[in-house]
Amino acid sequence: MSTTAGQWEVIVVGAGAAGAAAAAHLARAGRRVLVVDRAASFPRAKACGGGMAASVQALFPFDLSPVVEAVIERVRFTWDLGDPVVAELPGAAPFWIVQRANLDAFLVQQASLAGARFLPGCPVQGLQRRDGCWRLQLAPGASEQPEGGWLETRAVVIADGSGSRLAASVGLGPSRPRFATTMSVELEGEVIDPATAHFGFGLVPKGFCWAFPRRGGMSIGLGSFIGRPADPATARSEADAVLARLLPSLGFAPDAGQRTVNRLRVWDGHHPLHGEGVVVAGDAASLCDPFLAEGLRPALLSGCRAATAIDLWLAGEAHALAGYSEGMRRDWGESMAWGRRIASVFYRVPGVGYQLGIKRPTAPQRIAQILSGEMGYGDIAQRVIRRLLFQRG
Ligand SMILES: Cc1cc2nc3c(=O)[nH]c(=O)nc-3n(C[C@H](O)[C@H](O)[C@H](O)COP(=O)(O)OP(=O)(O)OC[C@H]3O[C@@H](n4cnc5c(N)ncnc54)[C@H](O)[C@@H]3O)c2cc1C
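Quick caveat: nothing in here was measured; it's all calculated off a predicted structure. (Residues numbered from 1 in each chain as written. Predicted model: local features only at pLDDT ≥ 70, side-chain atom pairs only at ≥ 80, totals over all residues. Heavy atoms only, no water.)

**Re the sheet that holds strand E13 (residues 196–201)**
Strand pairing in a sheet relies on backbone hydrogen bonds. The paired strands run either parallel or antiparallel. Spatially, the seven strands line up as an open sheet ordered E6-E5-E13-E14-E15-E12-E16, and their pairing is mixed. Edge strands, defined here as strands with exactly one partner in the open sheet, are strand E6 (82–88) and strand E16 (258–266). Direction aside, the axes of adjacent strands within the sheet are offset by 20° on average. Bridge count between strand E14 (residues 207–214) and strand E15 (residues 217–224): eight bridges; the pairing is antiparallel. Counted as the bridge partner of Ala211 is Ile220 from E15. (Pairing = 2+ DSSP bridges. Helix = DSSP H or I, 4+ residues; strand = E, 2+ residues; numbered from the N terminus. Axes fitted to C-alpha atoms, helices over the stretch in contact; angles between N-to-C directions.)

What follows is the structure, encoded as structure tokens:
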């Protein structure tokens, strides 16, 4: 590979939602950007329901509609597959379903069109600061190897997802991240109601399951959010038992679909997200909502904000990266701190939570407003927690 010292102003590690969003913005700002991803080619498979608030469109100067596969008009909540609550989403807060592989590839394409270079098949295995620059080492099997064995850059965006090792290696994010255990299932076939998203409580211990329609099928997810994560074999057999009941209720065979167990890094406290010439974004920064597993919006938000901060820092604004950490804490972390408290009470007494929380007439609209960013958990948390602790309607 013909990379020379000083060639790159920014290297983005990971071309998921966070990294690809950052790369697209940095390239449009005229920065010399390299994006590396360990996946051998894009689009690559990605376990994700792909549900996100349409409000993320405001983060981008280009139209995201080419990758939107479904527009959700209503949400249906159930307790143990019964006791349903159906709510129409308010027109101002629509919810989109994307296929993650396509969203990420689309953002990478936007970055490339704006001048970024993309290298798939290149896992980064180490990061070092030397003489005011960052040096990145690629794994031995990488599809390309730089001259001298290292890639050099002035700034780095770490966006290598839930399994990140790089963030902690440079002292960013929690040193001992907290994980939710998830299973994702991709179903192919006709969808009974393609404008409804399902959220099922009472089936998954300490969590819930969701079923999102997309083009030609559905994405199903199961997540457990509190307590020690189960080992993969136990998680799989517990999830298979849930799916055997859930899938027939959606019109699919009990054993249908490709299934994968994943660990999802969730928000667990405020941490600095920047160092000298480096920021961390998305799951690598532990931004995912610990109550509802919403990780796409914070990944896109942090990727876009990381790009703005790096651009300013490269232009000489010394405090720009600290501003990134402060802004993410103020506009995302404060709400997640309440989300974590709600999760720890709700998932201990989910039956009470369903009756006193989800079944309230205003609850579905509040959830839609939280998922769209119109409200934060802080706006509702104290009332919800009081209701759950004292079990009052
Ligand atoms: C089953 C499931 C369902 C979900 N459903 C939803 C949902 O419906 N809505 C929602 O908002 N959130 C959902 N989430 C959460 C959401 O998927 C994540 O929060 C989101 O993917 C975070 O994006 P990211 O860019 O930070 O990480 P990722 O999308 O994981 O991207 C990280 C990238 O880094 C690359 N990489 C990793 N290590 C290296 C390395 N060493 N060198 C180079 N590249 C590397 C990977 O190949 C990958 O492409 C779900 C999660 C799971 C597990």
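**Quick word on the pattern of salt bridges**
Evaluated as defined, the whole model comprises 22 salt bridges. Where Glu9 meets Arg31, a salt bridge forms, and the shortest distance between an N and an O atom there is 2.8 Å. In this pair, Glu9 sits in strand E1 (residues 8–13) while Arg31 sits in the loop between helix H1 (17–28) and strand E2 (33–36), placing the two residues 22 residues apart along the sequence. Take Glu9 and Arg31: they sit in the same class, and that class is buried. Across the pair Asp331 and Arg330 runs a salt bridge, and its minimum N-O distance is 3.1 Å. (Salt bridge = Lys/Arg side-chain N within 4 Å of Asp/Glu carboxyl O. Buried < 20%, exposed > 50% of the residue type's maximum accessible area, 1.4 Å probe, protein only.)

**Thoughts on the layout of surface pockets**
In this structure, the second largest pocket spans a volume of roughly 330 Å³. Contributions of two or more residues to the lining of the second largest pocket are made by helix H2 (100–113), strand E12 (178–188) and E16. For the lining of the second largest pocket, the domains that each give at least three residues are domain 1 (8–48 + 101–176 + 267–337) and domain 2 (70–97 + 179–262). (1 Å grid on protein atoms, 1.4 Å probe; cavity = no way out; pocket = protein on both sides within 12 Å on 5 of 7 lines; lining within 4 Å. Points joined across faces, edges and corners; volume = space filled by probe spheres on them. Domains from an automatic or database assignment.)

**Overview of the site of the ligand**
Not every one of the 33 residues close to the ligand is listed here, only the nearest: Asp37, Lys46, Gly51, Arg100 and Asp283. For the ligand, an oxygen atom lies 2.6 Å from a polar atom in the side chain of Asp37. Ala293 is positioned with one of its backbone polar atoms (N or O) 3.3 Å from a nitrogen atom of the ligand. Contributing elements (two or more residues each) for the shell around the ligand: H1, E12, E14 and helix H5 (296–314). Residues lining the shell around the ligand come from more than one domain, with at least three contributed by each of domain 1 (8–48 + 101–176 + 267–337) and domain 2 (70–97 + 179–262). (Near = heavy atom within 4 Å. Polar contact = N/O pair within 3.5 Å; in protein donor to acceptor, adjacent residues only side chain to side chain.)

**Quick word on the pairing of E6**
Where strand E5 (residues 74–79) and E6 come together, five bridges link them in antiparallel fashion. Note that in E6 the partner of Arg74 across the bridge is Glu88. Between the antiparallel neighbours E5 and E6 lie two residues, among them Asp80 with a positive phi of about 50°.

**Thoughts on the sheet that holds strand E7 (residues 95–98)**
The strand order across the open sheet formed by three strands is E3-E7-E4, and the pairing between neighbours is antiparallel. With partners counted over all chains shown, the strands left at the sheet margins are strand E3 (51–53) and strand E4 (68–72), one partner each. The average angle at which neighbouring strand axes cross in this sheet is 35°, direction not considered. With three bridges connecting them, E3 and E7 associate as antiparallel partners. Across the sheet, Met52 pairs through a bridge with Trp96, a residue of E7.

**Focus on helix H8 (residues 363–372)**
In terms of burial, H8 is a largely internal element, eight of the 10 residues being buried. Packed against the buried residues of H8 are E3, E5, E6, E7, H5 and helix H7 (350–358). Count one or two residues on from H8 and you reach Gly373, which has phi positive near 90°. (Contact = heavy atoms within 4.5 Å.)

**Some remarks on the domain arrangement of the protein**
Segmenting the protein into domains produces domain 1 (8–48 + 101–176 + 267–337), domain 2 (70–97 + 179–262) and domain 3 (349–390). Placing a centre on the C-alpha atoms of domain 1 and another on those of domain 2 gives a separation of 29 Å. At the junction of the two partners, domain 1 supplies seven residues and domain 2 supplies nine residues. Summed over both partners, the interface of domain 1 with domain 2 comes to about 530 Å²; 66% of that surface belongs to carbon and sulfur atoms. Between the two partners, domain 1 and domain 2, sit zero salt bridges. Taken together, the links from domain 1 to domain 2 amount to zero residue pairs in polar contact (both at pLDDT 80 or more). When its residues are assigned to classes, the side of domain 1 that touches domain 2 shows six nonpolar, one polar and no charged. (Buried area = accessible area lost by both parts, 1.4 Å probe. Nonpolar A, V, L, I, M, F, W, Y, C, P; charged D, E, K, R; others polar.)

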